[in-house]
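Survey of secondary and tertiary structure
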Amino acid sequence: MNKNLKISELVKASKRISFVGGSNTVSPHGYTKSLMEKLNCLCRDNHSFNNFSLGSAPGLMATLSLHRHHISRHSDIIFHEYWVNDKAYNDYDGVQFTSLDEIGKSLEGFVRMSLKENPNCIIIFLILGTGKDRDIDDILNSRCLVTKLYEEIADHYRLPIINLTELITKEFGKIFLKNLYYKDFFHFKRPEGTDVISQSILTSLDDISYQPLDDLPEPIFAANYDRIRFLEDFYSDLKQGKHEHEPVGYFKNSLLNEKYLIIKPGLRISFLLKGKLLGLLAKSSYYDGYITLTSPSKTIIKSTLHNSIETLCNEYIILWADLRNEYIETSDFEPISVNLADSIPNNYTKLGHAEEVIPKIEPLYWTFNLVGIVYIGDISDIIVDFSKENYQNKQLRV
């Protein structure tokens, strides 16, 4: 039996630390910056840090990033932020976009994939909800089902967990905690809020012991998403020069370097899937509109224009089109296609819980910048159906 080890000593001795989470974790001036500075001050040798976080996304993005970037293979410690969007997706003013079961499959999938790839990697859960009264009270009174899920999985896999909402409220009070946030109740003030968060994490490490697993236990969710896959190579026929106007774009910022397929009127991607379609990853654009997903069992139309396009004047946002509640897992290959809708539909679903936005651009000029398709199972017979006559005269800015 492995003896209990001090987490603070393990963190100080580690060389490679990674962060996974949402907008508070991804911010270059957020609590991660302050925490990195504090950790480096404690140690003779500086740590190397990597951030694999993404705002406006659910926790499944962490599982996808792990699959794509092999985070645990290159990490001794992973700080995994509680995804407030999972709480919102599970209960957004009484509307459920994602079930608790789906959130559990994603979170446990992340843990199991990490420990299979690197059994010595230590995952530390950071629980910190929003600054809303209801969310704070739910966490403090053990009514938050998403927090309970984190606690159950942490206990099952012997993972350290730091409940910052509970710790900060206990030490400083609820009003103090609420004042750490901006008026949107989702993001911490800088530097007042971020410094308190980072110091609370650091202080908590001294009080936590860690006992490594001898063996990976049986999963809580039998169909968890440790089998996640990502299709991003749409370009094999394009590379052969079949299309005069190559529908490919590139997106790069401090964290991401993505290639995407520019779907405009006249372009359709189709494939055969045996398994389950989980979602689509895309880059936002002022020319987003509505997309249609067609399979033998259903036709789904989704709005893709994100409200941050107008409020933040920012095209450099990665969009997540969640399809986990829309599809069931199949045992046989079924055809699925993705293309733009040809008009504003009467019936459609929104992009997650994003605020409703109606496109101002005519349907003739809509685009959808597809980075990749997220799924479990197998995909075959990928076809990019490209009509040059319908496509070539619509080369607008993307």
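Reference entry: report on the structure contained in this document. Bear in mind the structure is a predicted one, so any value in this text is a computation, not a measurement.

**A short note on the side chain of Thr 130**
Within the fold, Thr 130 resides in the loop between β5 (122-127) and α7 (133-140). At 3.2 Å, the side chain of Thr 130 forms a polar contact with the backbone nitrogen of Lys 132. Here the side chain of Thr 130 touches Asp 135 through a polar contact of 2.6 Å, side chain to side chain. Apart from the residues lying within four places of it in its own chain, the contact partners of Thr 130 are Val 84, Asp 135, Ile 136, Tyr 181, Phe 185 and Phe 186.

**Description of the pattern of salt bridges**
In the structure shown here, the tally under the stated rule is 18 salt bridges. Ionic pairing is found between Asp 226 and Arg 112, a salt bridge with its closest N-O pair at 3.9 Å. On the criterion of sequence distance, the pair formed by Asp 226 in the loop between β7 (209-210) and β8 (228-231) and Arg 112 in helix α6 (residues 100-117) is long-range, its members being 114 residues apart. The exposure class assigned to Arg 112 is buried, which follows from its relative accessible area of 8%.

**Quick look at the sheet that holds strand β2 (residues 16-20)**
Ordered in space as β3-β2-β4-β5-β6, the five strands form an open sheet in which the pairing is parallel. Edge strands, defined here as strands with exactly one partner in the open sheet, are β3 (48-51) and β6 (161-163). This sheet shows a mean twist of 15° between the axes of neighbouring strands, independent of strand direction. Taken together, the five bridges between strand β4 (residues 77-81) and β5 define a ladder with parallel strand orientation. Paired with Ile 77 across the bridge in β5 is Ile 122. Relative to the sheet, helix α11 (residues 192-205) contacts β4, β5 and β6, its axis offset from that of β6 by approximately 130°.

**Notes on the environment of Glu 334**
Relative to the helices and strands, Glu 334 resides in strand β15 (residues 334-340). By relative accessible area, Glu 334 is classed as partly exposed at 28%. A sequence separation of 63 residues divides Glu 334 from Phe 271, and the C-alpha atoms of the two residues are 8.2 Å apart. Apart from residues lying up to four places away in sequence, Glu 334 is in contact with Phe 271, Leu 272, Leu 273 and Pro 296.

**Observations regarding the packing of helix α9 (residues 164-172) against α11**
Where α9 contacts α11, the axes come no closer than 11 Å and their chain directions differ by 100°. Classified by the interaxial angle, the pair formed by α9 and α11 is roughly perpendicular. Along its contact with α9, which presents Leu 164, Leu 167 and Ile 168, the element α11 presents Val 196, Ile 197, Ser 200, Ile 201 and Ser 204. Residue composition of the contact of α9 with α11, by class: six nonpolar, two polar and no charged.

**Description of the nonpolar core**
Soluble globular proteins: nonpolar side chains tend toward being buried together. Formed by 48 residues in total, the largest nonpolar core has its most connected members in Met 61, Val 111, Phe 125, Tyr 150 and Leu 281. Residue contributions to this core peak at six residues, all from α6. Every residue in contact with Phe 125, bar those within four places of it in the chain, is listed here: His 80, Leu 107, Val 111, Tyr 150, Ile 153, Ala 154, Leu 159, Pro 160, Ile 161 and Ile 162. Counting 33 residues, the second largest nonpolar core, distinct from the first, contains Leu 231, Phe 234, Ala 282 and Ile 317.

**Observations regarding helix α8 (residues 145-156)**
With twelve residues, α8 extends 16 Å from end C-alpha to end C-alpha; this agrees with the ideal 16 Å at 1.5 Å per step. Looking at α8, one finds that the buried residues are Val 146, Thr 147, Leu 149, Tyr 150, Ile 153 and Ala 154. Seen from one end, α8 has its buried residues packed into an arc of 155°, which puts them on one side. Buried positions along α8 lie against β4, α5 (84-90), α6, β5, α7 and β6. One or two positions beyond α8, positive phi appears at Arg 158, with a value near 55°.

**Here's the deal with the packing of helix α4 (residues 60-69) against α6**
Closest axis-to-axis distance for the α4/α6 pair is 8 Å, and the angle between their directions is 25°. With respect to α6, the axis of α4 lies roughly parallel. The two elements α4 and α6 meet at a crossing, and its hand is left-handed. The segment α4 lies against α6, with Leu 60, Ala 62, Thr 63, Leu 66 and His 67 engaging Ser 106, Gly 109, Phe 110, Met 113, Ser 114 and Glu 117. When the residues that make up the contact of α4 with α6 are grouped by side-chain class, the tally is five nonpolar, five polar and one charged.

What counts and how
- Residues numbered from 1 in each chain as written.
- Predicted model: local features only at pLDDT ≥ 70, side-chain atom pairs only at ≥ 80, totals over all residues.
- Heavy atoms only, no water.
- Helix = DSSP H or I, 4+ residues; strand = E, 2+ residues; numbered from the N terminus.
- Polar contact = N/O pair within 3.5 Å; in protein donor to acceptor, adjacent residues only side chain to side chain.
- Contact = heavy atoms within 4.5 Å.
- Salt bridge = Lys/Arg side-chain N within 4 Å of Asp/Glu carboxyl O.
- Buried < 20%, exposed > 50% of the residue type's maximum accessible area, 1.4 Å probe, protein only.
- Pairing = 2+ DSSP bridges.
- Axes fitted to C-alpha atoms, helices over the stretch in contact; angles between N-to-C directions.
- Parallel < 35°, antiparallel > 145°, perpendicular 65-115°, else oblique.
- Nonpolar A, V, L, I, M, F, W, Y, C, P; charged D, E, K, R; others polar.
- Core = buried A, V, L, I, M, F, W, Y, C linked by side-chain atoms within 4.5 Å.
- Expected span 1.5 Å × (residues − 1).
- Arc of directions from axis to C-beta.
- Left-handed = near helix turned anticlockwise from the far one by under 90°.

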